[in-house]
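Residue-level structural notes
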Amino acid sequence: MATTENATMEVEATAEQKQEELHLARNVKFLERGIAAAEVHYTHRALRTIFPLRKRLQPGVLAETIAAHISKNNSRGVADCLRRAAESLGQAQASDSTATKVCEPEVCLFLCLLVQLCHLDHNEHERGAQLSDLFVETALDLQRRTLDPIVSRIIFYYSRFFEVTGRLADARPMLLKALQAATLTNMKETKAMVLTLLLRNYLNYKLYDQAERLAARSSFPADAPNNLLARYLYYMGRIEAVQLNYSQAQVHLLEATRKAPSTPATAGFQQTVHKIYVIVELLMGNIPERSLFRTPVLKKPLQPYFELTQAVRVGDLSQFQDVVSRYQDQFLKDQVLILIQRLRHNVIKAGIRSISVAYSRISLRDICLKLHLDSEEDAEYIVAKAIRDGVIDATIDHEKGFVKSAEVHNVYGTSDPQHAFDKRITFCLGLYNESVKSMRYPGGDHRKELAYADEAIKRERELAQEIENEEYDSDSDAMDDATDEDL
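Here we summarise the structure given alongside this text. Given the structure is predicted, the values throughout are model-derived calculations rather than measurements.

The rules behind the values
- Residues numbered from 1 in each chain as written.
- Predicted model: local features only at pLDDT ≥ 70, side-chain atom pairs only at ≥ 80, totals over all residues.
- Heavy atoms only, no water.
- Helix = DSSP H or I, 4+ residues; strand = E, 2+ residues; numbered from the N terminus.
- Buried < 20%, exposed > 50% of the residue type's maximum accessible area, 1.4 Å probe, protein only.
- Contact = heavy atoms within 4.5 Å.
- Areas by Shrake-Rupley, 256 points an atom, 1.4 Å probe, with all protein chains shown as cover.
- Expected span 1.5 Å × (residues − 1).
- Pairing = 2+ DSSP bridges.
- Axes fitted to C-alpha atoms, helices over the stretch in contact; angles between N-to-C directions.

A count of helices and strands for the protein gives 24 helices and 3 strands. Every one of the 487 residues in the protein was classed for burial, and the buried ones make up 40%. A sequence separation of at least 24 residues applies to 66% of the contacts in the protein between residues at least 6 apart. Carbon together with sulfur atoms contributes 51% to the accessible area of the protein, which is approximately 29,000 Å² in total.

So this is what it looks like as structure tokens:
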């Protein structure tokens, strides 16, 4: 009985290995077809199969596939990558196989990408980092645009290995070299990936000035994939929020939430972006909508930020300090405590605004008690600053020690509705322009087919016309014969 079960398991394992070999061979065919046709979408088609292939890929099958592509005719860089990759998977002293076909760089780096994933899944981070260094060096030396989608993913996992091992700063020189190479060779996807990785690297060590200089001196590719664009916008939003550029930070964070797909796989990214977005909205003096906190994906992670928003909206300084003290560890983990500490002035401004609306005349002593300030002098200074900043429309009587609010004006008599409509119109126009730019148009290859089809139709028409003329001539001859017989 046990022998039968073992035989059944061996048969199943053999069937799984054959299926994996078929999947790998199919991906290799896609890559070779893309090289022959000079089309990148074949490469993207092979890369889309990595996620399901990653779950059931066995190191032995991958090592055999790599060994089958080792040949004496391969270039030096490709041969080194294949040999080191096969040896890392347990292929003892991988030697040149009997294959005479040259392994293309696209196929080589695709197999190297699978080797990276294999080491990452088996927690072999140090070995993966060493191999990734070789893979990236080889990819940058090749400088082929058809390698763009594969190289971008290899560089991503290269940075991931260093981040997991806690040596993210050591990956920075190679990333800067890759950015230079991608810019010179016009590898747009690789350039977009490297820019996001460098910004993440700088933000991890709180090097905001260097990150800002990098973003200012480099241009993000316009036709980069949406996932890279969303991450880039998120990092830019964080940088500008720290640099006090709240309006630009709000725009970038809002675009990041809209560029990212709304799927369960991207729930973590949506939560991270909305945490900073809520704080930036509060720093700008806006109150986020309650519906944002009721979203199922965001309800639990944004609970501390919801209580923070309530404290800012009411203008209760004691409630604000209580929320910050209770969730301080969470705010430190989210790296937003520095921004939250700036909200104290906004809480005081919100309290002063609510007081000016509720009271037409109130003493500085009552303001000090309501806002939990230290002295009347502090209350007088804060109210004066709020009047100068345009938060409230009031006057201070310094002799009698009270604040008198001005009459409430009609909001439609001001320019606020105009600014609100202008903001919405600008956003709609920008969305329309981006939609037009992102539309894909077919290349010029179809025009040859259309010309060939037009020629075929023209020949058919000429042939039909000739046949019709011949039939007409034959009918005319028949009529003439019949006329001669009658005569």
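There's plenty left to go through after this.
Attention now moves to the side chain of Q270. Here Q270 shows up in helix α14 (residues 267–283). Here Q270 falls in the buried class, since its relative accessible area comes to 10%. Excluding residues within four positions of it along the chain, Q270 makes contact with T257, A260, P261, S262 and L298.

If you check helix α10 (residues 188–204), its first and last C-alpha atoms are 24 Å apart, about what 17 residues at 1.5 Å a residue would give, namely 24 Å. Of all the 17 residues making up α10, 14 are buried; the element is thus mostly covered by neighbouring parts of the structure. Following α10 by one or two positions, K206 adopts a phi angle in the positive range, close to 60°.

This part is about the environment of A394. Secondary-structure assignment places A394 in strand β2 (residues 394–397). A residue is classified by how much of its surface remains accessible, and A394, at 8% relative accessible area, is buried. A sequence separation of 10 residues divides A394 from A384, and the C-alpha atoms of the two residues are 9.1 Å apart. A394 has contacts with I387, V403, K404, S405 and A406, leaving out every residue within four places of it along the chain.

Backbone-to-backbone hydrogen bonds pair the strands of a sheet. The strands run either parallel or antiparallel. Strand order in the open sheet formed by 3 strands is β1-β3-β2, and the pairing between neighbours is antiparallel. Looking at the sheet topology across the chains shown, the edges are occupied by β1 (361–363) and β2. Between one strand axis and the next, the sheet turns by 20° as a mean value, whatever way the strands run. Of the pairings in the sheet, the one linking β2 to strand β3 (residues 402–405) comprises 4 bridges and is antiparallel in character.

Keep in mind that these numbers describe shape and distance, not what the molecule does.
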